[in-house]
Amino acid sequence: MGENETVTVPFPLEIVTDRLILRSPELSHAEPMYEAKQESIPELRQWMPWAREETDIEKGKENIRKAIDEFKAQTAFWILLFDRKTGQLVGSSGYPRVNLSVPKVEIGYWLRTSRTGEGLCTEAVIAQTQYAFETLHVQRVEIRCDDNNERSWRVAQRTGFTLEGILRRDCLDLDGRPRNTRVYSMLPEEWESGSR
Ligand SMILES: CC(C)(COP(=O)(O)OP(=O)(O)OC[C@H]1O[C@@H](n2cnc3c(N)ncnc32)[C@H](O)[C@@H]1OP(=O)(O)O)[C@@H](O)C(=O)NCCC(=O)NCCS
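Overview of the structure. (Residues numbered from 1 in each chain as written. Predicted model: local features only at pLDDT ≥ 70, side-chain atom pairs only at ≥ 80, totals over all residues. Heavy atoms only, no water.)

**Details of the overall build of the protein chain**
Put simply, the rule is: A run of H or I in DSSP becomes a helix once it reaches four residues, and a run of E becomes a strand once it reaches two; helices and strands are each numbered from the N terminus. Here the globule rule reads 2.2 Å times residues to the power 0.38, and the radius of gyration is calculated from C-alpha atoms. Each residue's exposure class comes from its accessible area (1.4 Å probe, protein chains only) as a fraction of the maximum for that residue type: buried when under 20%, exposed when over 50%, partly exposed otherwise. By definition in these notes, contact holds between two residues if any of their heavy atoms fall within 4.5 Å. In short, Shrake-Rupley with a 1.4 Å probe defines the accessible areas, and a residue's cover is counted only from the protein chains shown. Counting rule applied: Lys, Arg positive; Asp, Glu negative; His and chain ends not counted. Charged groups are reduced to one reference atom each: NZ for lysine, CZ for arginine, CG for aspartic acid, CD for glutamic acid.
Check the secondary structure of the protein chain and you find five helices and ten strands. Expected size for 196 residues packed as a compact globule is a radius of gyration near 16 Å; at 16 Å, the protein chain falls within 12% of this value. In terms of principal-axis extent, the alpha carbons of the protein chain reach across some 45 × 40 × 30 Å. Going through the 196 residues of the protein chain one by one, you find that 45% of them count as buried. Put simply, of all contacts in the protein chain between residues at least 6 apart along the chain, 60% involve residues at least 24 apart. Element-wise, carbon and sulfur atoms account for 45% of the exposed surface of the protein chain, whose accessible area totals about 10,600 Å². For the protein chain, the centre of its 27 positive side-chain charges and the centre of its 32 negative side-chain charges are spaced 3 Å apart.

Put into structure tokens, the structure is as follows:
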């Protein structure tokens, strides 16, 4: 990448790993997405604001349309995770916050409850980190999470990200209490040296 060049994330996007296919959103994903979210509300509602809102399939379609629009506009990149063998939608990840002129991306994720504990999120994060460095040529990949969300920050630790610090009382959690935020990052040279 030369100076002053901004990266572009292709749409549609597909990344294949050992057990997963990562795909940019399509309208046909609305139903399996709704089903996966409904199954996982008790676990998701502690951490994801949208899991506390009333929802239905129409709202699900609206969300997918928004995700497609944001992807095309290059402002946010939600990606859906599918089991390669069965085609089941197992969760979602992506780059919800980016700055494509640095360029840098942040990775976010959630899994349907019945597919946790298999290392699928870890596999998706590694694939997206690889894609970010090797195809998008970003300077920085970031993961941010609530200090109380241990399962989330363990994904960052397991994939070899560096804990840069804990932002004390950074914002409010979903119950309105001040929360500490963990900031993890990886740089291209760390990815290349295989420090993960
Ligand atoms: C965050 C979240 C995706 C983590 O799910 P997870 O199942 O713990 O993460 P992984 O898919 O990477 O699986 C790791 C677990 O599988 C185990 N595992 C099994 N096979 C594995 C493999 N091949 N590779 C890695 N881990 C494997 C690991 O030991 C680990 O279990 P442990 O925590 O008991 O040690 C999930 O808890 C979630 O959706 N939470 C709600 C949403 C949320 O908080 N999102 C983050 C907001 S910042």
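**A closer look at the sheet that holds strand β9 (residues 162-172)**
Selection rule: A pair of strands is labelled paired if DSSP reports no fewer than 2 bridges between them. To obtain an axis, a line is fitted to C-alpha atoms, over the contacting stretch when the element is a helix, and the angle between two such axes runs from 0 to 180 degrees between their N-to-C directions.
Taken together, the five strands give an open sheet; going across it, the order is β5-β6-β8-β10-β9, and neighbouring strands pair in mixed fashion. Both outer strands of the open sheet, β5 (97-99) and β9, are each paired with one neighbouring strand and no more. Each neighbouring strand pair of the sheet contributes to a mean axis angle of 20°, computed without reference to strand direction. Summarising the sheet, strand β6 (residues 104-106) and strand β8 (residues 140-146) pair through three bridges and their orientation is parallel. Looking across to β8, one finds that E106 is bridged to E142. Each of β6, β8 and β10 (178-186) touches helix α3 (residues 120-134); the most contacted strand, β8, lies at about 145° to it.

**Structural notes on the site of the ligand**
Under the convention used in this document: Residues are counted as near a molecule or strand when any one of their heavy atoms sits within 4 Å of it. Polar contact criterion, stated in full: a pair of N or O atoms within 3.5 Å, where within protein one must be able to donate a hydrogen and the other to accept it, and residues adjacent in sequence count only if both atoms are side-chain atoms.
The immediate surroundings of the ligand are formed by 22 residues, with Y109, G117, C121, T122 and N149 found nearest. Separating an oxygen atom of the ligand from a backbone N or O atom of G117 is a distance of 2.7 Å. In this structure, C121 approaches the ligand through a main-chain N or O atom, which is 2.8 Å from an oxygen atom. Compared with its free state, where it exposes 940 Å², the ligand has 71% of that area covered by protein. Those elements that provide at least two residues to the shell around the ligand are β7 (110-111), α3, β8 and α4 (150-158).

**Comments concerning the pattern of salt bridges**
What counts here: Each salt bridge in this description consists of a side-chain nitrogen of Lys or Arg and a carboxyl oxygen of Asp or Glu lying within 4 Å of one another.
Applying the stated criterion across every chain yields a total of 18 salt bridges. Between E70 and K66 there is a salt bridge; the shortest N-O distance is 3.5 Å. Remark: K66 and E70 occur in helix α2 (residues 57-73); sequence separation between them is four residues, near one turn of the helix. On the accessibility criterion, E70 (22% relative accessible area) is partly exposed. For K66, a relative accessible area of 51% corresponds to the exposed category. In this structure, R115 and D83 form a salt bridge, with 3.0 Å as the shortest nitrogen-oxygen distance. On the criterion of sequence distance, the pair formed by R115 in the loop between β7 and α3 and D83 in strand β3 (residues 77-83) is long-range, its members being 32 residues apart. Across this residue pair, the class does not change: R115 and D83 are buried. Salt bridges linked by common partners bring R52, D173, D175 and R177 together as one network.

**Digging into the nonpolar core**
We apply this condition: Here, the term nonpolar core denotes a set of buried Ala, Val, Leu, Ile, Met, Phe, Trp, Tyr and Cys residues that are joined through side-chain atoms within 4.5 Å.
Membership of the largest hydrophobic core comes to 37 residues, with the highest contact counts inside it found for Y95, V125, V141, I143 and F161. Listed by contribution, the elements that provide at least two residues to this core are β2 (20-23), β3, β4 (89-95), α3, β8, α4 and β10. Apart from residues lying up to four places away in sequence, Y95 is in contact with A76, F77, I79, V105, E106, I107, Q128, Y131, A132 and L136. With nine residues, the next largest nonpolar core counts A51, L80, F82 and W110 among its residues.

**Re the packing of helix α1 (residues 30-44) against α2**
A pair of packed helices is captured by two measures, namely the crossing angle of their axes and the spacing between those axes. The criterion, for reference: Here a crossing is taken to be left-handed if its near helix is turned anticlockwise relative to the far helix by less than a right angle, and right-handed if that turn runs clockwise.
Two elements in contact, α1 and α2, have axes separated by 9 Å at closest approach and are oriented at 115°. For the element pair α1 and α2, the recorded crossing hand is right-handed. Two secondary-structure elements touch here, α1 through A30, E31, Y34 and K37 and α2 through I57, G60, K61, N63 and I64.

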